[in-house]
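Examining the three-dimensional arrangement
Here are the chains, one letter per residue:
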Amino acid sequence: MADPALDAFFAALWADYERVAPRVAALRGALEARGERVVNDHVAFRTFAGAPLGIAALEPHLLALGYHRFEPYAFEDKHLDAWAYLHDAPGAPRVFLSELRRGALSPAAERVIDGLLAQVDPARVARADVLWAGPLWEPVPFAVYEALAAESEYAGWLAALGLRANHFTVSVNHLATLPTLDALLAAVEAAGAVISEAGGRVKGGPAARLEQASTRADRAPVAFADGEREIPTCYYEFARRYPDADGALYQGFVPASASRLFESTHRHAPGGRP
Ligand code: NI
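Residues numbered from 1 in each chain as written. Predicted model: local features only at pLDDT ≥ 70, side-chain atom pairs only at ≥ 80, totals over all residues. Heavy atoms only, no water.

Taken N-terminus to C-terminus, the directions of helix α6 (residues 142-151) and helix α7 (residues 153-161) make an angle of 145°; their axes are 5 Å apart at the nearest point. Contacts between α6 and α7 involve Y145, L148, A149 and E151 from the first element and E153, A155, G156, W157, A159 and A160 from the second. Partitioning the contact of α6 with α7 into residue classes produces 7 nonpolar, 1 polar and 2 charged. (Axes fitted to C-alpha atoms, helices over the stretch in contact; angles between N-to-C directions. Helix = DSSP H or I, 4+ residues; strand = E, 2+ residues; numbered from the N terminus. Contact = heavy atoms within 4.5 Å. Nonpolar A, V, L, I, M, F, W, Y, C, P; charged D, E, K, R; others polar.)

If you want it as structure tokens, here you go:
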């Protein structure tokens, strides 16, 4: 990327990701061991809408790194809104930032989220390293996490894991020995990963200009008010982009695909361990 600020940003995100999702993060090493140079297509963040943590509060950190808004997206069934951000530096990963709409869940769930947000220090949110800070609140009881996740897996994940990269994404376009998504998926399965089947093994395709797949989320012990429990954390995504009619590589995201990729962190999706 040859931009020290961007390099430091992604190195910090990766170090955190490796800590909470060590088995899926190890896939990068497995690809490098076969001679690949792994290029990151994008990272994605999750947050709660509104002050003090919504997109409006976090976006300035991306703009300060040189990112600019590309396109907004909405996911009605999951009560999410999102923006994609692009950077002009060659090879800079895209960033996808989504937020959970307030008022979309039950009054009980909203009270839990209000209680979390009431603990957030706006001065902490103003620091760039908030994007890998984890939870900005005291751990909730495990039963509260489960009740929240039963309504919105996204809300449960965010309450337990807080702010951090939800996934990194291998750019299939940049691989030398694995030219297709299918070939890459076979290689990551051989390295021990389980592919998420939510919405099918492969989401999108050449007609959508974007073809994606993901592992199931890794699992790690996470602190709850009543002790540590192992829950789904972060996953690895794989993306192949195709040229538009004008020959330029497609830069956006495909909501129908992204909606099912969100489900890579679900607690009870079929498919076993990561
Ligand atoms: Ni993604």
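That shown, we press on.
The next point concerns the coordination of the nickel ion. The protein atoms that coordinate the nickel ion are H42 (NE2), H167 (NE2), E237 (OE) and E237 (OE), at distances spanning 2.0 to 2.7 Å. The coordination sphere of the nickel ion comprises 4 donor atoms, whose angles at the metal cover 51 to 126°; the geometry is irregular. When the donor residues of the nickel ion are listed from N- to C-terminus, their spacing reads H-x124-H-x69-E. Of this pair, H42 sits in strand β1 (residues 42-48) while E237 is found in strand β10 (residues 235-241), placing the two residues 195 residues apart along the sequence. Accessibility assignment for this pair places H42 and E237 in one class, buried. (Donors = N, O, S within 2.8 Å, 3.2 Å for Na, K, Ca; no water. Tetrahedral: all angles 85-135°; square planar, octahedral: opposite > 155°, others 65-115°. Buried < 20%, exposed > 50% of the residue type's maximum accessible area, 1.4 Å probe, protein only.)

Let's shift gears to the pattern of salt bridges. For the structure shown, the criterion picks out 21 salt bridges. R164 serves as the salt-bridge partner of D16, at 2.8 Å between the closest nitrogen and oxygen. Of this pair, D16 sits in helix α1 (residues 4-20) while R164 sits in the loop between α7 and β5 (167-171); the two residues are 148 residues apart in sequence, bridging distant segments of the chain. Note that R201 is salt-bridged to E189, the shortest N-O span being 2.9 Å. With R201 in the loop between α8 (181-190) and β6 (203-205) and E189 in helix α8, this residue pair connects regions lying 12 residues apart in the sequence. Residues participating in the shared-partner salt-bridge network are D77, K78, R260 and E263. (Salt bridge = Lys/Arg side-chain N within 4 Å of Asp/Glu carboxyl O.)

Attention shifts here to the packing of aromatic side chains. Within this structure, the stated rule accounts for 20 aromatic pairs. Ring plane angle 80° and centroid distance 5.0 Å describe the contact between F9 and F10, whose orientation is recorded as edge-to-face. A relative accessible area of 5% places F9 in the buried class. Given the relative accessible area of 7%, F10 is considered buried. Measuring from ring centre to ring centre gives 6.1 Å for Y73 and F253, while their planes differ by 90°; the resulting arrangement is edge-to-face. Of this pair, Y73 sits in strand β2 (residues 67-75) while F253 sits in the loop between β10 and α9 (255-261), and the two are 180 residues apart along the sequence. Of the two residues examined, Y73 and F253, each falls in the buried class. (Phe/Tyr/Trp six-rings, centres within 6.5 Å; stacked < 30°, edge-to-face > 60°.)

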